[in-house]
Amino acid sequence: MFADTLLEWFDAHKRELPWRGESDPYKIWISEIILQQTRVIQGISYYHNFIASFPDVTALALADEAEVLKVWQGLGYYSRARNLHAAAKSILAEHNGVFPSDYASIRRLKGVGDYTAAAIGSIAFRLPYAAVDGNVLRFVARYQGVFENIANDATRKHITEICNRWLPAARPGDFNQAMMEMGATLCTPKSPDCENCPFSVGCHAYRYGQVEQLPIKEQVVKIQNRYFHYIIFLYRGKTLLQQRTGNDIWKNLYEFPLVETKDENFDFESYLKENKMVAKSAPQLLWQTKHVLSHRNIFAYFHIVETQKPPKFSAAAFPVKLSELKNYAVAKVTERAIEKAESFSN
């Protein structure tokens, strides 16, 4: 049987990971959310740090959001951290801090989709739900010869039904982990290791030389270019920070005062004159970078200027000592800029 072969391979070849063999649904939940948009090798240290900072649901629920975002800093896709925090609060309020054990309740948690609910439910509670992520979609599409677009909901549903038929009642959690492990280590997107795959003999793609053609994934994503001009004001060892608000990227994270423009052009000196800000010397471009997100390219420019008097940017901006900037949760690009600004001021 398919499941027997898969589990035999998994028992012999599974990677040793800190959440592997874990039965605590909270820790399984944290690991699954971290791994949604993060490579395993990068996620391990963040997992350890997150669990050390918030060892259980109650600790996470009672923490300040700023603290949660700071611990998450560097992982990106910060909505994951905000959703974790909101879901922990709901578990504390609605389930007395006990992680729910039924699929419907797990699925209702903020930030938890079908895949994550199935993964947590099957691993922690042996619930009979197949967890289908990109790794599983790719593996099954090749093995079964599925030529439908895996970006479509109908194809995902079809492959989920196949996996549910294979799912063994005794070890649903191990089965789901094994399927993901197969896609992550052998049936990889490029140059899969078919020679060491226990399913190569019965694999449609391997048999007919279609490994590079499958799976079919056609998804048109419109990429938006955005141009962020950050201003790092320097005055007597201090600068300005503000917190991002609204329903936008990096929500609730801190940043330097920002002017967003329609393109890369920004006349900083004219901007200073228009806003009656007097600089000690000519403004400098400290650093620029392109930050790629799923649907956006962020072109970030960090300008630095020393002023003759305390700068006034907006009501939301507040003064911060340069030595205290690292106490605030910021996006990765801002973290890099802070490091460069500290070197500039020394």
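The structure this text deals with has already been given above.
From a predicted model like this one, the values you see are computed outputs, not experimental measurements.

Peer 1: Residue-level account of the layout of surface pockets, with values.
Peer 2: Leftover empty space is mapped by rolling, across the atoms, a probe with the size of a water molecule. Taken as a whole, the largest pocket holds about 1,200 Å³ of empty space. Among the elements of the structure, α2 (25-34), α8 (114-125), α9 (134-144), α10 (153-166) and α11 (172-185) are those that each provide at least two residues to the lining of the largest pocket. With five residues, the top contributor of residues to the lining of the largest pocket is α11. Tallied by class, residues from the lining of the largest pocket come to 16 nonpolar, 14 polar and eleven charged. In this structure, the second largest pocket occupies an estimated 390 Å³ of space. Forming the walls of the second largest pocket are 18 residues, and the residues nearest its centre are S79, R82, D248, I249 and W250. Here the lining of the second largest pocket gets four residues from one element, more than from any other, and that element is helix α6 (residues 79-95).

Peer 1: For the packing of aromatic side chains, give the residues involved together with the corresponding values.
Peer 2: In the structure shown here, the tally under the stated rule is 27 aromatic pairs. A ring pair is formed by Y26 and W29, whose centres lie 6.0 Å apart and whose planes are at 65°; its orientation type is edge-to-face. Taken together, the residues Y26 and W29, both in helix α2 and three residues apart, mark about one turn of the helix. These aromatic residues form a ring-pair network of at least three members: F2, F139, Y143, W166, F175 and F199.

Peer 1: Describe in detail the state of the cysteines, supporting the description with residues and values.
Peer 2: Taken as a whole and assessed by the stated rule, the structure comprises zero disulfides. For C203, which is in no disulfide, the shortest distance to another cysteine sulfur is to C194 and amounts to 6.5 Å.

Peer 1: Lay out empty space enclosed by the protein with the relevant residues and their values.
Peer 2: All chains considered together, the criterion is met by two cavities of 30 Å³ or more. In this model, the largest cavity occupies a volume close to 130 Å³. Lining of the largest cavity is provided by 15 residues; of these, C187, P192, C194, C197 and C203 occupy positions nearest its centre.

Peer 1: Report on α2, specifying residues and quantitative values.
Peer 2: Within α2, nine of the ten residues are buried, which leaves it mostly tucked inside the rest of the structure. Three or more residues of α2 are buried, namely P25, Y26, I28, W29, I30, S31, E32, I33 and I34. The inward-facing, buried residues of α2 abut α3 (40-53), α4 (57-62), α5 (65-72), α6 and α8. The N-cap of α2, judged by a side-chain oxygen 2.9 Å from the amide nitrogen of Y26 a few residues on, is D24.

Peer 1: Before we move on, could you go through the sheet that holds strand β6 (residues 296-306) and cite the residues and values that matter?
Peer 2: Read across the open sheet, the four strands follow the order β4-β1-β6-β5; overall the sheet is mixed. Each end of this open sheet is capped by a strand with a single partner; those strands are β4 (258-261) and β5 (284-292). Averaged over all pairs of adjacent strands, the angle between their axes in this sheet comes to 20°, without regard to strand direction.

Peer 1: Requested: an account of α3, with residues and values cited.
Peer 2: Between its terminal C-alpha atoms α3 stretches 20 Å, which fits the 20 Å expected from 14 residues at 1.5 Å a residue. Elements that come into contact with the buried residues of α3 comprise α2, α4, α5 and α6.

Peer 1: If you had to explain the packing of α3 against α5 to someone new, which residues and values would you point to?
Peer 2: At a minimum axis separation of 10 Å, α3 and α5 run at an interaxial angle of 155°. By the angle between their directions, the pair α3 and α5 is classed as roughly antiparallel. Considering only the axes of α3 and α5, their crossing is right-handed. Within the contact between the two elements, α3 uses Y46, N49, F50 and S53 and α5 uses V68, V71 and W72. Classifying every residue of the contact of α3 with α5 by side-chain character gives five nonpolar, two polar and no charged.

Peer 1: Explain the packing of helix α1 (residues 2-13) against α11 residue by residue, including any values.
Peer 2: Relative orientation of the contacting elements α1 and α11 amounts to 70°, with a least axis distance of 9 Å. It follows from the interaxial angle that α1 and α11 lie roughly perpendicular. Across from F2, A3, L6, L7, W9, F10 and H13 in α1, the residues of α11 making contact are D174, F175, Q177, A178, M179, E181, M182 and T185. When the residues that make up the contact of α1 with α11 are grouped by side-chain class, the tally is ten nonpolar, three polar and two charged.

Peer 1: Go over the environment of T245 with me, naming the residues and quoting the values.
Peer 2: For T245, the position within the fold is in the loop between β2 (238-243) and β3 (254-255). According to the relative accessible area criterion, T245 is exposed, its value standing at 61%.

Peer 1: Outline the sheet that holds β3, supporting the account with residue identities and numerical values.
Peer 2: In space, the three strands of this open sheet follow the order β3-β2-β7, with antiparallel pairing throughout. Each edge of the sheet is formed by a strand with only one pairing partner; in this case those strands are β3 and β7 (318-321). As defined by bridge partners, β2 adjoins β7 across four bridges and the pair is classed as antiparallel. Directly across from L241, in β7, lies its bridge partner F318.

Peer 1: Give a description of the pattern of salt bridges that names residues and reports values.
Peer 2: Under the counting rule described, the total for this entry stands at eleven salt bridges. Among the salt bridges present, the one from R244 reaches E255, with a minimum N-O distance of 3.0 Å. Linking R244 in the loop between β2 and β3 with E255 in strand β3, this pair joins segments that are eleven residues apart in sequence. Accessibility classification places R244 together with E255 in one group, the buried group. What emerges from the salt-bridge pattern is a single network uniting R226, R244, D248, E255 and E260.

The rules we used
- Residues numbered from 1 in each chain as written.
- Predicted model: local features only at pLDDT ≥ 70, side-chain atom pairs only at ≥ 80, totals over all residues.
- Heavy atoms only, no water.
- 1 Å grid on protein atoms, 1.4 Å probe; cavity = no way out; pocket = protein on both sides within 12 Å on 5 of 7 lines; lining within 4 Å.
- Points joined across faces, edges and corners; volume = space filled by probe spheres on them.
- Helix = DSSP H or I, 4+ residues; strand = E, 2+ residues; numbered from the N terminus.
- Nonpolar A, V, L, I, M, F, W, Y, C, P; charged D, E, K, R; others polar.
- Phe/Tyr/Trp six-rings, centres within 6.5 Å; stacked < 30°, edge-to-face > 60°.
- Disulfide = S-S within 2.5 Å.
- Buried < 20%, exposed > 50% of the residue type's maximum accessible area, 1.4 Å probe, protein only.
- Contact = heavy atoms within 4.5 Å.
- Polar contact = N/O pair within 3.5 Å; in protein donor to acceptor, adjacent residues only side chain to side chain.
- Pairing = 2+ DSSP bridges.
- Axes fitted to C-alpha atoms, helices over the stretch in contact; angles between N-to-C directions.
- Expected span 1.5 Å × (residues − 1).
- Parallel < 35°, antiparallel > 145°, perpendicular 65-115°, else oblique.
- Left-handed = near helix turned anticlockwise from the far one by under 90°.
- Salt bridge = Lys/Arg side-chain N within 4 Å of Asp/Glu carboxyl O.

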